[in-house]
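Spelled out, the chains give:
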Amino acid sequence: MKGLAIDYAMLLPAIVPVAGLVLVLVADLVAPRLRRVPYAIAGLAAIGSAVATVPGLALGGGSTRETFCLTGRTAASAAAPTVDGLPQVCLWQADALGSTLQLAAAVSAVVCIALAWPRTRRRRPADSTREPVEAVLLLAALAGTVVVAASRDVGTWLIALELATLPVIALVALSGRRSAVAGATQLLVTSLVSFALLVLGVALWFAATGSPFLTPDAALASGGAFSAGSGAATAVVFPSVSGGVVALATVLVVAGVGFKLSLVPFHAWTPTAYAGSSVPVATFLATVSKIAALAALLVVLRAVAALGTPALLSIALLASLSMTLGNVMALRQDDVVRLLAWSTVAQAGWVVLPLVSISALGVGASATYLLTYVVATLVAFAVVAVTVRDRPGAGRSIAAYEGLWQRSPWRAGALALALTSLAGLPPGVIGLVGKITALRPVVAEGWVWLAVVAAVNAVIGVAVYLRWLRAVITAPEVAPDSVSGAPTSEAAAPAPASVARRRPVMVAGLVLASAVLVVVSVQPDLLLRLLG
C-alpha cells in the first residue's frame, strides 16, 4: 500500500472541537478557579467548527470532497487479493448534506454553550470542576457528531456515534440531582441496547458485503449470485442471500438509531432525561444529539439506496407510532420541558417519515425536516432557559408564560415563531415547508394510510403548540391584593434588573437562534439550497 492520503483542511470541523477540548483542560490546569474561561474556549471552538464547514457547503450537484483515502496498486499480482489490490476507498467524505448537518450541530452547540454560561463572575470553589467538565463533554459530543456525518467506514461510524452519545449521559448526570441520575441511568441502559443493535447491524453488513465501508459500491457487491458444483455441466446457480442480509442489517441500524432519535418504542428515556437535565443539556439532547443520530442513519441509507431497496414497513410503523404517541402525551403536559421532550418524540416521527422512500428524495426531505425542527426547538429551549434563569423554580410551567407578551414582547415573539414553526403554521413558514417536504416521498411511494396518519397528527400537533402559545399571548389572571385590594399578578411581575444584567450571553444565544429561524422562515429555499 502506497499510503494514506490526508487533507487536513477537510478535517478541521472535527479537529477544532478536539483542539478546544485539549485547550480547556490546559486552561483548567493553569487557571483552575476561573469560572467562564472553559465556556469561552468551548464557544470559540464551536464557532470555529461551524466556519470550517463552509467549503463543504459550496459543494452541489452530488459532488464530494474526500480524505483519509487508501491508495494502492490497481493491479493485483498475487494469487490472493490484498489491501493493495483494492480500488481507492476513502474513510471521510464531505458533501453539501453532510456539511450542512455539521454546521447545524456546531451552531446548536454554540447556543447550548451560551445557555449554560455561568451567571456570576465569582471564582469557583477549589473543589468544583463542573465548568471545565461540562465544556469538555460538550466539545467531545460535538466532535463525535461532526465525525459521524462524514464517516464512510463502519469503525469510524460506530465509534463516532458513541462519542456523540456517551458524553451526553455524563452531562445529564452532572447536576447530581436524583431526577438527573434517574434520567442518566435510563439513557445509559438504552444506549447500551442501542450499541448492541448497531454492532449486530454492522456485523451483518460486513458479512453480506465483505466490505467495512458504508458506500454504494459495497452495497452493490451484495447483489450477486454464487454457484456450486464441480464442473460447468453440474454447476447450480443459487440466488444471493446477501441482499436479504443487508436489508436485515439496515433494519437493525434503524432500530439502534431509533433509541437515539427517541422513536417509539425506544423513547422511554426521553421525558425522564429531559426533565432531570438542566435546560442547556436538554437543549443539547434535543438538537445536537438528534443531528448525530440522523446523520448516522443517513450514512447507511444513502449506501443501500443504490440497491433500489423498496420502502421499509418498519420505518413507516415507527414514524406513525412516534407521531401519535408523542403528540397525545405532549397534550397532557404542563411542564414545558416535558412538553418539548414529548414533542421530540413526535417530531422524530416526522424526521424519519420521508425515509419510507430510501432514495435521494427521502434522504433530502428527512434532513430538511430535521434542520427545521432543530432551529425551532433551539429557540423554544432558549426562551425556556432565559425564563428559568429569571424565575427559578417556576419557569418550567406553562402558567409561567402567561402574559409573556406584555412582559417581554421580543421573547414572546421568538417563542411564538418557534411554536408556529413546530406546528407548521404561519408565520413559521419553514415548519409548513418542512412538513410538505416530508410528505412528498410518502405520497410518491403510494403510502396513503401513512399520509393520512401524518395529516391527523399535524392537526393534533397544532393543538399541542397552540396550548402553550395561548398562554403566551393571553393576559394572566389577576387577583386583588389582600391588603390594598389592588389587582396583582405574580406572572406579570418583571424580572429584577440585577437578574437581567446577569444573562447577556444567554440572551445572545437566544438572539442567534431566533435570527436563524427568522432567516429560514423568510427564505425557506435557503435551507433547501444548503442541502444541495
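Up top you'll find the structure we're talking about.
Sequence order as written defines the numbering, with residues in each chain counted from 1. Reporting of local features is limited, given that this is a predicted model, to residues whose pLDDT is at least 70; pairs of side-chain atoms are given and counted only at 80 or more, and all residues count toward the totals for whole chains, interfaces and linings. Side-chain numbers here rest on the full set of heavy atoms in the structure, without hydrogens or water.

Colleague: Account for the overall build of the protein chain, naming residues and giving values.
Modeller: Each helix is a run of H or I in the DSSP string that is no shorter than four residues. Each strand is a run of E no shorter than two, and both are numbered from the N terminus. Along the protein chain, the regular secondary structure elements total 22 helices and seven strands. Whether two residues touch is decided by their heavy atoms; if any such pair falls within 4.5 Å, the residues are in contact. Considering only intrachain contacts with a sequence separation of at least 6, the fraction spanning at least 24 residues in the protein chain is 78%.

Colleague: A description of the packing of helix α4 (residues 96–115) against helix α5 (residues 130–150) should follow, citing residues and the corresponding values.
Modeller: A pair of packed helices can be characterised by two numbers: the angle between their axes and the separation between those axes. Lines are fitted to the C-alpha atoms to define the axes, a helix being fitted only along its stretch in contact, and any angle between axes, read from their N-to-C directions, falls within 0 to 180 degrees. Direction vectors running N to C along α4 and α5 enclose 170°, while the axes themselves pass 8 Å from each other. Considering their axes alone, α4 and α5 lie roughly antiparallel with respect to each other. Residues Gly 98, Gln 102, Ala 105, Ala 106, Ala 109 and Ile 113 of α4 form the contact with α5, whose participating residues are Leu 138, Leu 142, Thr 145, Val 146, Ala 149 and Ala 150. Side-chain classes are defined by residue name, with Ala, Val, Leu, Ile, Met, Phe, Trp, Tyr, Cys and Pro counting as nonpolar, Asp, Glu, Lys and Arg as charged, and the others, Gly among them, as polar. Each residue belonging to the contact of α4 with α5 can be placed in one class, and the counts come to nine nonpolar, three polar and no charged. An angle below 35 degrees is treated as roughly parallel, one above 145 as roughly antiparallel, one from 65 to 115 as roughly perpendicular, and anything else as oblique.

Colleague: Give a detailed account of the environment of Gly 413, specifying residues and quantitative values.
Modeller: Of note, Gly 413 is situated in helix α17 (residues 409–423). A sequence separation of 101 residues divides Gly 413 from Ser 514, and the C-alpha atoms of the two residues are 9.4 Å apart.

Colleague: Break down the side chain of Thr 145 for me, citing the residues and quoting the values.
Modeller: Within the element layout of this structure, Thr 145 appears in helix α5. Sequence-distant contacts of Thr 145, that is, excluding residues within four places in its chain, are made with Ala 105, Ala 164, Val 288, Ile 291 and Ala 292.

Colleague: Now, about empty space enclosed by the protein: what can you tell me, with residues and values included?
Modeller: To find leftover empty space, one rolls a probe the size of a water molecule over the atoms. Using protein atoms alone on a 1 Å grid, points that fit a 1.4 Å probe yet trap it form a cavity, whereas open point sets bounded by protein on both sides within 12 Å along at least five of seven lines form a pocket; residues with an atom within 4 Å of a point count as lining. Grid points are joined across faces, edges and corners, and a volume is the space filled by probe spheres set on the points. Counting across every chain of the model gives eight cavities of 30 Å³ or more. Here the largest cavity defines a volume of roughly 130 Å³. Around the largest cavity, the lining is made up of 15 residues, and of these Thr 165, Leu 187, Lys 260, Trp 269 and Ser 289 lie nearest the centre. Looking at the lining of the largest cavity, the elements that each hand over two or more residues are α6 (154–173), α7 (178–209), α9 (242–261) and α12 (288–304). Tallied by class, residues from the lining of the largest cavity come to nine nonpolar, four polar and two charged.

Colleague: Residues and numbers for the packing of helix α15 (residues 360–390) against helix α18 (residues 429–444), please.
Modeller: Taken N-terminus to C-terminus, the directions of α15 and α18 make an angle of 155°; their axes are 9 Å apart at the nearest point. As judged from the angle between their axes, α15 and α18 are roughly antiparallel. Seen along the crossing, α15 lies across α18 with a hand that is left-handed. Packed against α15, whose contacting residues are Leu 361, Gly 362, Ala 365, Thr 368, Tyr 369 and Thr 372, the element α18 presents Ile 430, Gly 431, Gly 434, Lys 435, Thr 437, Ala 438, Arg 440 and Pro 441 at the interface. Each helix crossing is assigned a hand: it is left-handed if the near helix lies turned anticlockwise from the far helix by less than a right angle, otherwise right-handed if that turn is clockwise.

Colleague: Report on the pattern of salt bridges, specifying residues and quantitative values.
Modeller: The term salt bridge refers to a side-chain nitrogen of Lys or Arg lying within 4 Å of a carboxyl oxygen of Asp or Glu. For the coordinates displayed, the defined rule picks out four salt bridges. Salt-bridge contacts for Lys 260 lead to Glu 162; the nearest nitrogen and oxygen are separated by 3.4 Å. With Lys 260 in helix α9 and Glu 162 in helix α6, the pair connects residues that are 98 residues apart, well separated along the chain. Classification of Lys 260 by relative accessible area gives buried; the value is 8%. Under the scheme applied here, a residue whose accessible area is under 20% of the maximum for its type counts as buried, over 50% as exposed, and between as partly exposed, the area being computed with a 1.4 Å probe on protein chains only. On the basis of relative accessible area, Glu 162 is assigned to the buried category, the value being 9%. Residue Asp 334 is joined to Arg 467 by a salt bridge in which the shortest nitrogen-to-oxygen separation is 2.5 Å. Of this pair, Asp 334 sits in the loop between α13 (313–330) and α14 (336–352) while Arg 467 sits in helix α19 (residues 448–473); the two residues are 133 residues apart in sequence, bridging distant segments of the chain. Residue Asp 334 is classed as exposed on the basis of its relative accessible area of 51%.

Colleague: Quick rundown of the environment of Val 520? Include the residues and the values.
Modeller: Tracing the backbone through its elements, the reader meets Val 520 in helix α21 (residues 504–522). Expressed as a C-alpha distance, the spacing of Val 520 and Val 375, which sit 145 residues apart in the sequence, is 9.0 Å.

Colleague: Describe the nonpolar core, naming the residues involved and giving the relevant values.
Modeller: Of all hydrophobic cores here, the largest spans 165 residues; its most connected members are Trp 157, Trp 205, Leu 297, Leu 355, Tyr 401, Leu 415 and Trp 468. Considering each element in turn, this core owes the most residues, 18 residues, to α15. Residues within four places of Tyr 401 in sequence aside, it is in contact with Val 336, Val 383, Val 384, Thr 387, Gly 395, Arg 407, Leu 415, Trp 468, Ala 471 and Val 472. Nine residue types can take part in a nonpolar core, namely buried Ala, Val, Leu, Ile, Met, Phe, Trp, Tyr and Cys, and a core is a set of them joined through side-chain atoms within 4.5 Å.

Colleague: Give a description of unusual backbone geometry that names residues and reports values.
Modeller: Omega for the peptide link from Val 264 to Pro 265 comes to 5°, which places this bond in the cis form. For Pro 265, the location among the structural elements is in the loop between α9 and α10 (269–276). Looking along the chain, the bond that leaves Pro 426 and enters Pro 427 is cis, with omega of 5°. When you line up the elements, Pro 427 lands in the loop between α17 and α18. A positive phi is found at Ser 262, a non-glycine position, where the angle reads about 70°.

Colleague: Give a detailed account of a nonpolar patch on the surface, specifying residues and quantitative values.
Modeller: Patches were defined on residues exceeding 30% relative accessible area and lacking a salt bridge, with like-charge contacts within 9 Å and nonpolar side-chain contacts (Val, Leu, Ile, Met, Phe, Trp, Tyr) within 5 Å. Surface accessibility in these figures is a Shrake-Rupley result with a 1.4 Å probe; residues are shielded only by whichever protein chains are displayed. Residues Val 18, Val 22, Leu 23, Val 26, Leu 29 and Val 30 make up a contiguous nonpolar surface patch of about 580 Å² in total accessible area. Position of Val 26 among the secondary structure elements: in helix α1 (residues 12–30). Accessibility expressed as a relative area gives 42% for Val 26, which makes it partly exposed.

Colleague: Can you tell me about α5, naming the residues and giving the values?
Modeller: In this model α5 runs 31 Å from its N-terminal to its C-terminal C-alpha over 21 residues, within 8% of the 30 Å that 1.5 Å per residue would give. The element α5 is largely enclosed, with a buried count of 19 among its 21 residues. Multiplying one less than the number of residues by 1.5 Å gives the expected span of a helix.

Colleague: So what's going on with α7? Residues and values would help.
Modeller: In a regular helix each residue adds 1.5 Å, so 32 residues correspond to 46 Å; α7 covers 46 Å between its end C-alpha atoms and thus fits that length. Just downstream of α7, Gly 210 is the residue with a positive phi angle, here 70°.

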